[in-house]
Amino acid sequence: QVQVVESGGGLVQPGGSLRLSCAASGSIFSINVMGWYRQVRGNERELVARVISGGITDYADSVKGRFTISRDNAKNTVYLQMNSLKPEDTAVYYCNAELSLDSSLRTFRYWGQGTQVTVSS
């Protein structure tokens, strides 16, 4: 059993900051990618940022220079520091982990339950 649990969402004024955290736990052999996606009702879920094992990062153009993703491999945890938030960043943010359960290295994707981020004055 694998669990992916997010925390840190909330309401913030435009220009403010929030930090999201996500921890993966359970019978995990290795984690290849951890990342954040977001979804606005009626729209498709979109990639915000992800970090690949080895530390390579990938960001959506809309958040480059404002958001920073980081990963603590020892804790199977990923963070998303969000600065200079805009109303258009309002969405439900989902954590995603692409991981292997054993030495076969077959990859599975797990999602967290989502955390609401609202940017409004």
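Scroll up for the structure.
Criteria and thresholds
- Residues numbered from 1 in each chain as written.
- Predicted model: local features only at pLDDT ≥ 70, side-chain atom pairs only at ≥ 80, totals over all residues.
- Heavy atoms only, no water.
- Helix = DSSP H or I, 4+ residues; strand = E, 2+ residues; numbered from the N terminus.
- Rg over C-alpha atoms; globule rule 2.2 N^0.38 Å.
- Buried < 20%, exposed > 50% of the residue type's maximum accessible area, 1.4 Å probe, protein only.
- Contact = heavy atoms within 4.5 Å.
- Lys, Arg positive; Asp, Glu negative; His and termini not counted.
- Charge placed at Lys NZ, Arg CZ, Asp CG, Glu CD.
- Pairing = 2+ DSSP bridges.
- Disulfide = S-S within 2.5 Å.
- Core = buried A, V, L, I, M, F, W, Y, C linked by side-chain atoms within 4.5 Å.
- Axes fitted to C-alpha atoms, helices over the stretch in contact; angles between N-to-C directions.
- Polar contact = N/O pair within 3.5 Å; in protein donor to acceptor, adjacent residues only side chain to side chain.

A. Spatial organisation of the overall build of the protein. The secondary structure content of the protein amounts to zero helices and eleven strands. Taken against the 2.2 N^0.38 rule, which gives 14 Å for 121 residues, the C-alpha radius of gyration of the protein at 14 Å falls within 12% of a compact globule. Based on the C-alpha atoms only, the size of the protein along its principal axes is roughly 50 × 25 × 25 Å. Taking all 121 residues of the protein together, 39% fall into the buried category. In the protein, 55% of the contacts between residues at least 6 apart in sequence involve partners at least 24 apart. Charge-centre separation for the protein: the mean point of 12 positive side chains lies 2 Å from the mean point of 10 negative side chains.

B. Geometry of the pairing of strand β1 (residues 2-7). Residues of β1 alternate between two faces, with Val2, Val4 and Glu6 buried on one and Gln3, Val5 and Ser7 left unburied on the opposite face. Bridge analysis of β1 against strand β3 (residues 18-26) gives six bridges, and the strand direction is antiparallel. Within the sheet, the bridge partner assigned to Glu6 lies in β3 and is Cys22.

C. Quick look at the state of the cysteines. Under the definition given, this model contains one disulfide. Here Cys22 pairs with Cys95 through a disulfide, and the sulfurs are 2.0 Å apart. Taking the sign of the S-S torsion, -80° for the link of Cys22 and Cys95, the bridge is left-handed. With a gap of 73 residues between them, Cys22 in strand β3 and Cys95 in strand β9 (residues 91-100) connect regions that are remote in the sequence. Each member of the pair Cys22 and Cys95 is classed as buried.

D. Representation of the nonpolar core. Within the largest apolar cluster, 29 residues are counted, with the highest numbers of intra-cluster contacts made by Trp36, Leu80, Met82 and Tyr93. Contributions of two or more residues to this core are made by β1, β3, β4 (30-39), β5 (46-52), β7 (67-72), β8 (77-82), β9 and β11 (115-119). If one sorts the elements of this core by residue count, β9 sits on top with five residues. With residues near it in sequence (within four places) discarded, Met82 still touches Gly16, Ser17, Leu18, Leu20, Arg66, Phe67, Tyr93 and Val117.

E. Spotlight on the environment of Trp111. For Trp111, the position within the fold is in strand β10 (residues 107-111). Trp111 gets classed as partly exposed once you look at its relative accessible area, which sits at 34%. Discounting residues that sit within four places of it in the chain, Trp111 has contacts with Val4, Tyr37, Arg45, Tyr94, Cys95 and Asn96.

F. Structural detail: the sheet that holds β7. Reading across from one edge, β1-β3-β8-β7 is the order of the four strands in this open sheet, with antiparallel pairing throughout. Looking at which strands have only one partner, the edges of the open sheet turn out to be β1 and β7. The average angle at which neighbouring strand axes cross in this sheet is 15°, direction not considered.

G. Focus on the side chain of Asn96. Residue position: Asn96 is located in strand β9. A polar atom in the side chain of Asn96 sits 3.2 Å from the side chain of Arg109. For Asn96, the side chain forms a polar contact with the main-chain oxygen of Tyr110, separated by 3.3 Å. Non-local contacts of Asn96, meaning those with residues more than four positions away in its chain, are made with Val33, Met34, Gly35, Tyr37, Arg109, Tyr110 and Trp111.

That's the geometry; what it means functionally is another story.
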